[in-house]
Amino acid sequence: MSESAPTRPRITVLAGPTAVGKGTVSAYIREHYPEVELSVSATTRDPRPGEVDGVHYHFVGPERFAQMVSAGDMLESAVVHGRNSYGTPRSTVLKAADEGKYVLLEIDLQGARQVKESMPDAHFVFLAPPSWDELVRRLVGRGTESAEEQQRRLETARIELAAESEFDVTIVNDDVRRAAEALVREMGVPTAPRA
Ligand SMILES: Nc1nc2c(ncn2[C@@H]2O[C@H](COP(=O)(O)OP(=O)(O)O)[C@@H](O)[C@H]2O)c(=O)[nH]1
Ligand SMILES: Nc1ncnc2c1ncn2[C@@H]1O[C@H](COP(=O)(O)OP(=O)(O)O)[C@@H](O)[C@H]1O
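Residues numbered from 1 in each chain as written. Chains lettered and ligands numbered in written order. Predicted model: local features only at pLDDT ≥ 70, side-chain atom pairs only at ≥ 80, totals over all residues. Heavy atoms only, no water.

(A) Just the site of ligand 2, in detail. Close to ligand 2 lie 14 residues, the nearest being Ala-19, Lys-22, Gly-23, Thr-24 and Arg-142. Val-20 is positioned with one of its backbone polar atoms (N or O) 3.3 Å from an oxygen atom of ligand 2. In this structure, an oxygen atom belonging to ligand 2 sits 2.8 Å away from a main-chain N or O atom of Gly-23. For ligand 2, whose accessible area on its own is 560 Å², the fraction buried by protein is 72%. Residue assignment for the shell around ligand 2 shows that the elements contributing at least two residues are helix H1 (22-32) and helix H5 (132-142). At 3 residues, H1 tops the list of elements feeding residues into the shell around ligand 2. Here the residues of the shell around ligand 2 sort into 4 nonpolar, 5 polar and 5 charged. (Near = heavy atom within 4 Å. Polar contact = N/O pair within 3.5 Å; in protein donor to acceptor, adjacent residues only side chain to side chain. Areas by Shrake-Rupley, 256 points an atom, 1.4 Å probe, with all protein chains shown as cover. Helix = DSSP H or I, 4+ residues; strand = E, 2+ residues; numbered from the N terminus. Nonpolar A, V, L, I, M, F, W, Y, C, P; charged D, E, K, R; others polar.)

As structure tokens, this is what we get:
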């Protein structure tokens, strides 16, 4: 048999319920795996302290966001947690993939489903909590939402957890480093063991 062709770099979509650690795992990858291109989403929400426009998100107003959607510039877009709009700019993702880069999209379930429609060959990874109780602990421990908002997010989280089977693979975020490294391996990024 001939040697197998090298795995073609592909687009990986990471989704999972609120507070499972998507942002934390993505931040670990940003820091330790510069060869991974993290897609920078556009959002109508306000920047938080420490967030940099163009690095963490493209912060845009609702009119600009609507313009990008109607011009067909978004690969997917959704209103998340009933509040702000988020979307993945199509051109930067496709350009990076064309250049052979490993592209990671950290998006919500609605967005993941849209990408699956338009790009069924992308790789879909579900980030799961070690347990429901731990998910609640992380959400409450993060302390960024009111009790009412936490309740709303937990209701959505129940629905999102039920969608796990729509994904190609599940990674349990028990330990950030372990989960991030499992994700990078899953993406096919050639890696040497790191200290
Ligand atoms: N559909 C979609 N969801 C996104 C996108 N970017 C971020 N999200 C999701 O939006 C949610 C809110 O993210 P963020 O505002 O950073 O706050 P978080 O609640 O602290 O994670 C998370 O579930 C993200 O996965 C995007 O481009 N498209
Ligand atoms: N593996 C982990 N073990 C313990 N705590 C974690 C882990 N991953 C993330 N966290 C914590 O859980 C909370 C939610 O993580 P975050 O990345 O904001 O979630 P998401 O982006 O999925 O909403 C944060 O306080 C974060 O520090």
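(B) Just empty space enclosed by the protein, in detail. One pass over the structure, following the stated rule, counts 1 cavity of 30 Å³ or more. Considered as a void within the structure, the largest cavity measures approximately 40 Å³ in volume. Looking at the largest cavity, the residues that line it are Leu-109, Ala-112, Arg-113, Lys-116, Phe-124, Glu-166 and Phe-167. When residues in the lining of the largest cavity are grouped by element, the largest group, 4 residues, is from helix H4 (residues 109-118). Looking at the lining of the largest cavity residue by residue, the class counts come to 4 nonpolar, no polar and 3 charged. (1 Å grid on protein atoms, 1.4 Å probe; cavity = no way out; pocket = protein on both sides within 12 Å on 5 of 7 lines; lining within 4 Å. Points joined across faces, edges and corners; volume = space filled by probe spheres on them.)

(C) Layout of the sheet that holds strand S5 (residues 74-80). Sheet architecture is open: 4 strands sit in the order S4-S3-S6-S5, paired in mixed fashion. Only two strands of the sheet have a single partner each, and these edge strands are strand S4 (58-59) and S5. As defined by bridge partners, S5 adjoins strand S6 (residues 84-89) across 6 bridges and the pair is classed as antiparallel. Looking at S6, one finds that Val-80 is bridged to Asn-84. The strands that helix H3 (residues 90-98) touches are S5 and S6; relative to S6, the one it contacts most, it runs at about 35°. (Pairing = 2+ DSSP bridges. Contact = heavy atoms within 4.5 Å. Axes fitted to C-alpha atoms, helices over the stretch in contact; angles between N-to-C directions.)

(D) Structural detail: the packing of H1 against helix H7 (residues 176-187). Packing of H1 against H7 leaves a shortest axis separation of 9 Å and a crossing angle of 70°. One finds that H1 runs roughly perpendicular with respect to H7. Helix-helix and strand crossings are classified by hand; for H1 and H7 the assignment is right-handed. Facing H1, whose interface residues are Thr-24, Val-25, Tyr-28 and Ile-29, H7 presents Val-176, Arg-177, Ala-179, Ala-180, Glu-181, Leu-183 and Val-184. (Parallel < 35°, antiparallel > 145°, perpendicular 65-115°, else oblique. Left-handed = near helix turned anticlockwise from the far one by under 90°.)

(E) Quick peek at the site of ligand 1. Around ligand 1, a shell composed of 17 residues is seen, among which Ser-41, Arg-45, Tyr-57, Tyr-86 and Glu-106 lie nearest. One nitrogen or oxygen atom from the side chain of Tyr-57 is found 2.6 Å from an oxygen atom belonging to ligand 1. Side-chain polar atom of Glu-76 to a nitrogen atom of ligand 1: 2.7 Å apart, as the coordinates give it. Within the complex, the protein chains bury 91% of what would otherwise be the 570 Å² of accessible surface of ligand 1. Spatially, ligand 1 is embedded in the largest pocket. If you list the elements that add at least two residues to the shell around ligand 1, you get S5 and S6. Of the residues belonging to the shell around ligand 1, the class tally is 5 nonpolar, 4 polar and 8 charged. (Sits in = over half its atoms within 2 Å of the grid points.)

(F) Just the nonpolar core, in detail. One finds Ile-29, Leu-104 and Leu-183 to be the most contacted residues of the largest nonpolar core, which totals 22 residues. Only H1, strand S2 (36-38), strand S7 (102-106), strand S8 (123-128) and H7 provide two or more residues apiece to this core. Considering each element in turn, this core owes the most residues, 6 residues, to H7. Sequence-distant contacts of Leu-104, defined by excluding residues within four places in its chain, comprise Thr-12, Leu-14, Ile-29, Val-36, Glu-37, Leu-38, Ser-39, Leu-183 and Met-187. (Core = buried A, V, L, I, M, F, W, Y, C linked by side-chain atoms within 4.5 Å. Buried < 20%, exposed > 50% of the residue type's maximum accessible area, 1.4 Å probe, protein only.)

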